[in-house]
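Examining the three-dimensional arrangement
Read off the chains here:
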Amino acid sequence: MDLRELVSALNDFAPLSLAESWDNVGLLVEPSPPHTVNTLLLTNDLTEEVMEEAVQKKADLILSYHPPIFAPLKRVTWKSWKERLVVRALEHRIGIYSPHTAYDAVPQGVNNWLTKGLGACTSVPLHPSTAPSYPAEGTHRVEFCTDTERLEVVLSKIKDIQEISCLTTFPARVEGEEQTRVTLNCSQKALLEVVALLSQNSLLYHKTEILLLQKPLLPHTGMGRLCTLSEPVSLSNIIERIKSHLKLPHIRIAVGMGKTLESPVKKAALCAGSGSSVLKGTEADLYLTGEMSHHDVLDAVANGISVILCEHSNTERGFLSELREVLATHLQNKISIIVSEKDRDPLQVA
C-alpha cells in the first residue's frame, strides 16, 4: 500500500480527533514520497532495539503506540537515542506512526482489550468522547422575538455580521401579540456582535435566549472504562484473572480500607497506562491501571477502593496481538503485519 493510503486507513480505524489535546499522534516520520508499505511492525515502545529489529525485518512503517517524538526536537543528530531513531528511520526509509490516546478512546482499542481481563462484564467510558464537530454550524444558538415593525431593520443588521448561519424566522404569539421569532446559529466571535446589536433595544434584549451548542457524545468511545461484572467475584479471583490476561507472574495490589482479598468485586474502573487522572473520583470496588502516584493510591484505599497496578506498558502491550488481527481485516490483508519481538517493559522484578 502507498504510505498515504495506509495512513488514511489507519486514521479511519481510530480517528486522531479522539486523541487527547496534549498528545502527539499521527505520522511522525515520513520518508520522501512515493513510499510503499509492504510490512508494518507493531510495537508499544519504539526503542533502539526495536528499530534495529524493524531494519532487520525490512519494515516499511512502524506503528508505535507511544509516540517516540513527544517533546519537540531541536536537532537531529547521533547524540541522543530519540534523535538516532529518526536518523535510522530516514536512512532505511521507515515511516513512524503513533496513535496513542486515539487507541485508548476507540471502542475496539486498548481499554476495551483490558476489560477482557476481568471476565464477563459490561463497560462504559469513564470520560466519553465528543464528536469532532457540532451537529450544526456555529457554537451558539440565539433566539429572540420582535414585532414586524422592527423585524426588517434587525435582520438587515444581523446579515451584515460574519459567521452567522441557520437564520430562520417564524410567526409567534407573545403575551397576546403577534410577533416573529428569530433563531440563528453563530460563532463565539459573532455572538458578541449579535448581543451588542440586540442590547441596543431593551425589549429585544430581554426577550433573547442564548444556548450553548454541545458536540454530541460518541457511543462506546472515550477514556477509561467503568466495568460492571456479570457476577461479583472475589478480589483474589480478579487478581488471578488479570495476571493470566496480561501474562504476568506478579502484579502490585493495595487492598481498600475495610476490604480483604475475599471481598467481592462488582464494579471495576480501569485505564491502561497511567490512570490516576482518569480514575480519580470514580466510585468502584477496584481500580486497575499500570501506574498511579503513591498519594492517589492512598486516597483510593482510604475510600475503600482496592488498586491493582501492573506497570505502565504491561497494561497496553498485550493489545498488539489483537490489533494485528483487527488491522489485517481493516486493511483487507493488503500488507504483512508483524508484532515486535524486542518490545518489552523496561521494569523487571528482581
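Just so we're clear, the structure is a prediction, and the values are computed from it rather than from any experiment.

Attention shifts here to the overall build of the chain. What the chain contains, in helices and strands, is 12 helices and 17 strands. Taking 2.2 N^0.38 as the reference for a compact globule, 350 residues should give roughly 20 Å; the C-alpha atoms of the chain span a radius of gyration of 27 Å, well beyond that estimate. Taken over the C-alpha atoms alone, the chain extends approximately 85 × 60 × 40 Å along its principal axes. Contacts spanning at least 24 positions in sequence make up 72% of the contacts within the chain whose residues lie at least 6 apart. Just so you have it, the chain exposes about 18,000 Å², and 53% of that area is on carbon and sulfur atoms. Computed over 34 positive and 42 negative side-chain charges, the separation of the two mean positions in the chain equals 3 Å.

Glancing now at the sheet that holds strand β17 (residues 336-339). In spatial order, the strands read β1-β4-β3-β2-β17; together these five strands make up an open sheet with mixed pairing. The strands lining the two open edges of the sheet, one partner per strand, are β1 (26-29) and β17. Between one strand axis and the next, the sheet turns by 25° as a mean value, whatever way the strands run. As judged from the four bridges shared by strand β2 (residues 39-43) and strand β3 (residues 61-64), these two strands associate in the parallel manner.

The description of two packed helices rests on the angle between their axes and on the distance between the axes. Packing of helix α1 (residues 3-13) against helix α12 (residues 319-330) leaves a shortest axis separation of 11 Å and a crossing angle of 115°. The handedness of the crossing between α1 and α12 comes out as right-handed. In this structure, α1 contributes Ala9, Leu10, Asp12 and Phe13 to the contact, and α12 contributes Leu323, Val326, Leu327 and His330. Its residues assigned to classes, the contact of α1 with α12 shows six nonpolar, one polar and one charged.

The next thing to look at is the pattern of salt bridges. Following the criterion strictly, the structure yields 18 salt bridges and no others. Asp147 is paired through a salt bridge with Arg150; the nearest N and O atoms lie 2.5 Å apart. Of the residues examined, Arg150 reaches a relative accessible area of 29% and is grouped as partly exposed. Taken together, the salt bridges that share partners define one network made up of Asp45, Arg317 and Asp343.

You can read the domains of the chain as domain 1 (3-99), domain 2 (110-129 + 221-312) and domain 3 (140-212). Between domain 1 and domain 2, the C-alpha centre-to-centre distance is 31 Å. Listed per partner, the contact involves four residues of domain 1 and five residues of domain 2. Taken together, the two surfaces of domain 1 and domain 2 that pack against each other cover about 340 Å², and 70% of this comes from carbon and sulfur. Linking domain 1 with domain 2 are zero salt bridges, by the criterion used here. Between the two partners, domain 1 and domain 2, sit one residue pair in polar contact (both at pLDDT 80 or more). When the residues that make up the side of domain 1 that touches domain 2 are grouped by side-chain class, the tally is two nonpolar, one polar and one charged.

The next subject is the UniProt feature "binding site: a divalent metal cation" (unreviewed entry) in the chain. With numbering matched to this structure, UniProt assigns "binding site: a divalent metal cation" (unreviewed entry) to His66, Asp104, His312 and Glu316. These annotated residues cover 251 residues of sequence, but their C-alpha atoms sit close together, with the largest distance between any two at 13.4 Å. Following the sequence through the fold, His312 ends up in the loop between β16 (306-309) and α12. With relative accessibility at 23%, the residue His312 sits in the partly exposed group. When near neighbours in sequence (up to four residues on either side) are disregarded, His312 contacts His66, Gly273, Ser274, Gly290, Glu291 and Asp345. Of note is the side chain of His312, whose polar atom sits 2.7 Å from the side chain of Glu291. Mapping Glu316 onto the fold places it in the loop between β16 and α12. A polar contact of 3.2 Å, which involves the side chain of Glu316, links it to the side chain of Asn44.

So, about the environment of Leu16. Note that Leu16 resides in the loop between α1 and β1. Separated by 222 residues in the primary sequence, Leu16 and Ile238 place their C-alpha atoms 33 Å from one another. Once you skip the residues sitting within four places of it in the chain, Leu16 turns out to touch Asn11, Val25, Gly26, Tyr97 and Ala102.

The next subject is helix α6 (residues 148-158). Taken together, the buried positions of α6 are Leu151, Val154, Leu155 and Ile158. Looking straight down α6, one finds its buried side chains confined to an arc of 100°; they lie on one side. Looking at α6, the residues exposed on the side facing more than 90 degrees away from the buried face are Glu149 and Glu152. Those residues of α6 that are buried lie in contact with β7 (140-146), β8 (164-174), β9 (177-186), α7 (188-198) and α8 (202-205).

Now for the packing of aromatic side chains. With the rule as written, the count across this model stands at three aromatic pairs. Judged by centre distance (5.6 Å) and plane angle (85°), the ring pair of Phe13 and Tyr103 falls under edge-to-face. In this pair, Phe13 sits in helix α1 while Tyr103 sits in helix α4 (residues 101-105), placing the two residues 90 residues apart along the sequence. One exposure class covers both Phe13 and Tyr103, and it is buried. Taken together, the ring pairs connect Phe13, Tyr103 and Phe319 into an aromatic cluster. A cation sits over an aromatic face here: Arg84 above Trp78, 5.9 Å from the ring centre.

Basis of the calculations
- Residues numbered from 1 in each chain as written.
- Predicted model: local features only at pLDDT ≥ 70, side-chain atom pairs only at ≥ 80, totals over all residues.
- Heavy atoms only, no water.
- Helix = DSSP H or I, 4+ residues; strand = E, 2+ residues; numbered from the N terminus.
- Rg over C-alpha atoms; globule rule 2.2 N^0.38 Å.
- Contact = heavy atoms within 4.5 Å.
- Areas by Shrake-Rupley, 256 points an atom, 1.4 Å probe, with all protein chains shown as cover.
- Lys, Arg positive; Asp, Glu negative; His and termini not counted.
- Charge placed at Lys NZ, Arg CZ, Asp CG, Glu CD.
- Pairing = 2+ DSSP bridges.
- Axes fitted to C-alpha atoms, helices over the stretch in contact; angles between N-to-C directions.
- Left-handed = near helix turned anticlockwise from the far one by under 90°.
- Nonpolar A, V, L, I, M, F, W, Y, C, P; charged D, E, K, R; others polar.
- Salt bridge = Lys/Arg side-chain N within 4 Å of Asp/Glu carboxyl O.
- Buried < 20%, exposed > 50% of the residue type's maximum accessible area, 1.4 Å probe, protein only.
- Domains from an automatic or database assignment.
- Buried area = accessible area lost by both parts, 1.4 Å probe.
- Polar contact = N/O pair within 3.5 Å; in protein donor to acceptor, adjacent residues only side chain to side chain.
- UniProt positions renumbered as here; feature names shortened; annotations may be inferred.
- Arc of directions from axis to C-beta.
- Phe/Tyr/Trp six-rings, centres within 6.5 Å; stacked < 30°, edge-to-face > 60°.
- Lys NZ or Arg CZ within 6 Å of the ring centre and 35° of its normal.

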